[in-house]
Amino acid sequence: MDIKNCSRCGKIYAYDGFNICMQCRRKDEDDFKIIKEYIDENPGATISEVSEETEIDSKKIIEFLRQGRLEIKDENNVLLTCEKCGKSIKTGRFCEKCVSEMQREFKQSIGGGMNPKDMKNGRAKEKIRITDKYRNQ
Ligand SMILES: [Zn+2]
Ligand SMILES: [Zn+2]
């Protein structure tokens with residue numbers, strides 16, 4: 001078993017595929033629930049509003065966006081960009097174009113959660129919502 005330092009709190013923990021320790025992950029889950037509840041009640045909230053109201057760092061909210069757990073309604077936001085070409089994206093790590101390019105390259109589906117139809121919705125500023133796959137949990 002690998003022993004690592006948690007990249008968040010610096011404590012030593014038994015590495016199990018995550019870069020942060022169990023305690024930090026549990027804290028993340030709590031924060032995610034708080035954010036999710038807030039967005040459920042305030043579907044038009046911006047990241048800065050969510051961050052202010054929930055007192056959770058906007059960096060963490062962006063982290064959830066990167067993980068594809070939250071989604072920004074506005075594709076022209078500047079908060080989240082494709083890690084490959086730098087284009088603004090709403091959720092995950094890559095834009096639609098790069099995803100389809102990568103799909104072509106690998107000739108198999110990656111990621112899964114990308115819905116091209118979703119990409120064309122909404123112009124309001126950095127609005128976020130919970131992606132449907134987490135609604136039933
Ligand atoms: Zn930790
Ligand atoms: Zn891209």
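Heads up: these notes are all about the structure in this document. (Residues numbered from 1 in each chain as written. Chains lettered and ligands numbered in written order. Predicted model: local features only at pLDDT ≥ 70, side-chain atom pairs only at ≥ 80, totals over all residues. Heavy atoms only, no water.)

1. Observations concerning the overall build of the chain
- Within the chain, the secondary structure is distributed over 4 helices and 4 strands.
- Element order for the chain, N to C, with α for helix and β for strand: β-β-α-α-α-β-α-β.
- Expressed as a percentage of the 137 residues in the chain, the buried residues total 36%.
- Partitioning the intrachain contacts of the chain with sequence separation of at least 6 by distance along the chain shows that 41% fall at a separation of at least 24.
- In the structure as shown, the chain presents an accessible area of about 8,900 Å², 48% of it carried by carbon and sulfur atoms. (Helix = DSSP H or I, 4+ residues; strand = E, 2+ residues; numbered from the N terminus. Buried < 20%, exposed > 50% of the residue type's maximum accessible area, 1.4 Å probe, protein only. Contact = heavy atoms within 4.5 Å. Areas by Shrake-Rupley, 256 points an atom, 1.4 Å probe, with all protein chains shown as cover.)

2. Examining the nonpolar core
- Core analysis: the largest hydrophobic core is formed by 19 residues, its most contacted members being Ile35, Val50, Ile61, Leu65 and Leu70.
- One finds Cys6, Tyr13, Ile20 and Cys24 within the second-largest nonpolar core, a separate group that totals 5 residues. (Core = buried A, V, L, I, M, F, W, Y, C linked by side-chain atoms within 4.5 Å.)

3. Quick look at the coordination of the zinc ion (ligand 2)
- Within the protein, Cys82 (SG), Cys85 (SG), Cys95 (SG) and Cys98 (SG) serve as the donor atoms for the zinc ion (ligand 2), at 2.3 to 2.4 Å.
- The site at the zinc ion (ligand 2) holds 4 donor atoms, and with the angles between them running 103 to 117 degrees, its shape is tetrahedral.
- Summarised as a motif, the one-chain spacing of the donors to the zinc ion (ligand 2) is C-x2-C-x9-C-x2-C. Highlighted residues: Cys85 in the loop between strand S3 (70-72) and helix H4 (96-106) and Cys95 in the loop between S3 and H4, separated in sequence by 10 residues. (Donors = N, O, S within 2.8 Å, 3.2 Å for Na, K, Ca; no water. Tetrahedral: all angles 85-135°; square planar, octahedral: opposite > 155°, others 65-115°.)

4. Remarks on the pattern of salt bridges
- Scanning all chains against the criterion turns up 12 salt bridges.
- In this structure, Asp40 engages Lys36 in a salt bridge whose closest nitrogen and oxygen atoms are separated by 3.6 Å. Residue Asp40 and its partner Lys36 are located together in helix H1 (residues 22-41), separated by 4 residues, close to a single helical turn.
- One salt bridge connects Glu71 with Lys90, and the closest N-O pair in it is separated by 3.8 Å. Of this pair, Glu71 sits in strand S3 while Lys90 sits in the loop between S3 and H4, and the two are 19 residues apart along the sequence.
- Of the residues examined, Glu71 reaches a relative accessible area of 7% and is grouped as buried. (Salt bridge = Lys/Arg side-chain N within 4 Å of Asp/Glu carboxyl O.)

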